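Examining the three-dimensional arrangement
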Amino acid sequence: MSTVLLTGASGFIGQALAVRLAADGHRLRLALRSSPSGALPDASIFRFADLDGNTDWEEALDGIEVVVHCAGRAHVMKETVDDPLGEFRRCNVDASAHLARQAALARVRRFVFVSTAKVWGEQTLPGQPFTVDTTPAPVDPYAISKFEAENALVASGADKGMETVIVRPPLVYGPGVRANFLRLMQWIVRGRPVPVVDADCRRSLVARDNLVDLLARCVDHPRAANQILPVSDGEDLPMPVLLRQLGEALGKPARMIPIPAWLLKSGARLLGRQAMAERLCASLQVDIDHTRRLLDWSPPLSVNEALARTATDFLAHYRA
Ligand SMILES: NC(=O)c1ccc[n+]([C@@H]2O[C@H](COP(=O)([O-])OP(=O)(O)OC[C@H]3O[C@@H](n4cnc5c(N)ncnc54)[C@H](OP(=O)(O)O)[C@@H]3O)[C@@H](O)[C@H]2O)c1
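Here we summarise the structure given alongside this text. (Residues numbered from 1 in each chain as written. Predicted model: local features only at pLDDT ≥ 70, side-chain atom pairs only at ≥ 80, totals over all residues.)

**Some words on the overall build of the protein**
Quick reminder of the rule: Secondary structure elements follow DSSP: runs of H or I of four or more residues count as helices, runs of E of two or more count as strands, with numbering from the N terminus. The globule rule used here is 2.2 Å times the number of residues to the 0.38 power, and the radius of gyration it is set against is calculated over C-alpha atoms. Exposure criterion: with C-beta atoms placed from backbone coordinates, a residue whose C-beta has 20 or more other C-beta atoms within 10 Å is buried, one with 12 or fewer is exposed, and one in between is partly exposed.
When you go through the protein residue by residue, the secondary structure sums to 11 helices and 11 strands. Its C-alpha atoms give the protein a radius of gyration of 20 Å, within 12% of the compact-globule value 20 Å for 320 residues. The principal-axis extent of the C-alpha atoms belonging to the protein is close to 55 × 40 × 35 Å. Across the 320 residues that make up the protein, the buried fraction comes to 42%.

Next comes the structure, spelled out in structure tokens:
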């Protein structure tokens, strides 16, 4: 068991990871900006003000063997800053690089970084998922900042012999999920029609429990050292199948309305939302063979089980 500093424990992934790492017997220190709404396990707490290059992490890193850096600027649905890339760089690149540098100086053994599959790009061709060997081609400011952060922390690690582990998840869902996945569940239970593009596109997703299971393995598995690890549920369902299973889990069949891809794209062009339409009509698949073989790991939950857990939690909190 290790002494672990975890950032981002007030967030969707970090909170579940904190619970799991404590249950695994690790000694935990949580670096928090704000208090989470849900329960956290017993742990020492390090308070910091903001993700940037100025935090003094010396006290937080005292006695730490492994850092898991989960905090980050993500899920910005409506951008409010003038310079999004600058803000992403401040929170995701400068802060990660600074923490990694101080961790390496403090002789931390391993630094695990929660990155994103978007580092490889926004879409894949049918039958050609992103693999660990795919050349990164990040497109949006978020993905660019995550890629730059990866590079910065690998450089810090290499300098001082600190191992780095980079995990690249696609969209994460699970109990308490927000943003588009939450909206989708709200639409389905309200019986609203859900437009489904008639193209054969598949998107890898990862259940939070599956991601947390992999991250827990990354804390101490010897073969995770200095690796980039693709992760997903390992079953990429076509959108109509995913919607059908989600509807069944919610106890309300999804009312799917097929839309020809050409129609969606031309409508979106008129509204200036081309990029969004391209994404909806495209696949984004991640091949997790490398992670499976290297770490002898399989996602513990099937998509069906994970959707059921997500839907049960949603229904428990849903007010019509
Ligand atoms: N969820 C996904 O679909 C997904 C997919 C791929 C990768 N990821 C990555 O996974 C990590 C965790 O994501 P999540 O879904 O758990 O996100 P989340 O729920 O938004 O949590 C983000 C965490 O980062 C902290 N944070 C954000 N901005 C901060 C700032 N400026 N200063 C200090 N702390 C800040 C938040 O603290 P506060 O609570 O104080 O705001 C929170 O603890 C992120 O690095 C994200 O890029 C997520």
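And the narrative resumes.
**Comments concerning the site of the ligand**
Our working rule: Nearness here has a simple definition: the residue's C-beta atom, placed using the backbone, must lie within 6 Å of the molecule or strand. Lys, Arg, Asp and Glu make up the charged group, whereas Ala, Val, Leu, Ile, Met, Phe, Trp, Tyr, Cys and Pro make up the nonpolar group; the residues left over, Gly among them, are polar.
Taken together, 22 residues lie around the ligand, and Ser10, Gly11, Leu51, Ala71 and Gly72 are the ones closest in. Going through the elements one at a time, helix 1 (12-23) and strand 7 (171-173) are the ones with two or more residues in the shell around the ligand. With 3 residues, the top contributor of residues to the shell around the ligand is helix 1. Here the residues of the shell around the ligand are counted per class, giving 11 nonpolar, 8 polar and 3 charged.

**Details of helix 7 (residues 239-250)**
What counts, and what does not: Helix span, expected: 1.5 Å multiplied by one less than the number of residues in the helix. Of all possible arcs, the one meant is that of the directions from the helix axis to the C-beta atoms. Each residue is represented by a C-beta atom placed from its backbone, and any two residues with such atoms within 7 Å are regarded as in contact.
Over its 12 residues, helix 7 runs 16 Å from end to end, which matches the ideal 16 Å to within 8%, given 1.5 Å per residue. Regarding helix 7, the residues found buried are Leu242, Leu243, Leu246, Gly247, Ala249 and Leu250. What you see down the axis of helix 7 is that its buried residues fit within an arc of 160 degrees, all on one side. Of the surrounding elements, those touching the buried residues of helix 7 are helix 5 (179-189), strand 8 (193-197), strand 11 (255-259) and helix 11 (303-317). Just downstream of helix 7, Gly251 is the residue with a positive phi angle, here 75 degrees.

**Focus on the packing of helix 7 against helix 11**
In plain terms, the rule: In this description, a line fitted to the C-alpha atoms serves as the axis of each element, helices being fitted only across the stretch in contact, and the angle between N-to-C directions of two axes falls anywhere from 0 to 180 degrees. Orientation is classified from the angle alone, with under 35 degrees giving roughly parallel, over 145 giving roughly antiparallel, 65 to 115 giving roughly perpendicular, and any other angle giving oblique. Crossing handedness: left-handed means the near helix sits turned counterclockwise from the far one by under a right angle, and right-handed means the same turn made clockwise.
Direction vectors running N to C along helix 7 and helix 11 enclose 45 degrees, while the axes themselves pass 8 Å from each other. The pairing of helix 7 with helix 11 is recorded here as oblique in orientation. The crossing of helix 7 and helix 11 is right-handed. In contact with Gln245, Leu246, Ala249 and Leu250 of helix 7, helix 11 contributes Val303, Asn304, Leu307, Ala308, Ala311 and Leu315. In the contact of helix 7 with helix 11, the residues fall into 8 nonpolar, 2 polar and no charged.

**Comments concerning the nonpolar core**
Applicable threshold: Connectivity within a nonpolar core runs through C-beta atoms within 7 Å, and the core itself is a set of buried Ala, Val, Leu, Ile, Met, Phe, Trp, Tyr and Cys residues.
Grouped together as the largest cluster of nonpolar side chains are 81 residues, with contacts concentrated most on Leu6, Leu17, Val67, Val68, Val112 and Val167. For this core, the element with the most residues is helix 3 (residues 84-105), which contributes 8 residues.

**Examining the environment of Ala22**
Mapped onto the fold, Ala22 is located in helix 1. With 18 residues separating them in the primary sequence, Ala22 and Val4 have C-alpha atoms 9.6 Å apart. If sequence neighbours within four positions are ignored, Ala22 has contacts with Leu28, Pro41, Asp42 and Ala43.

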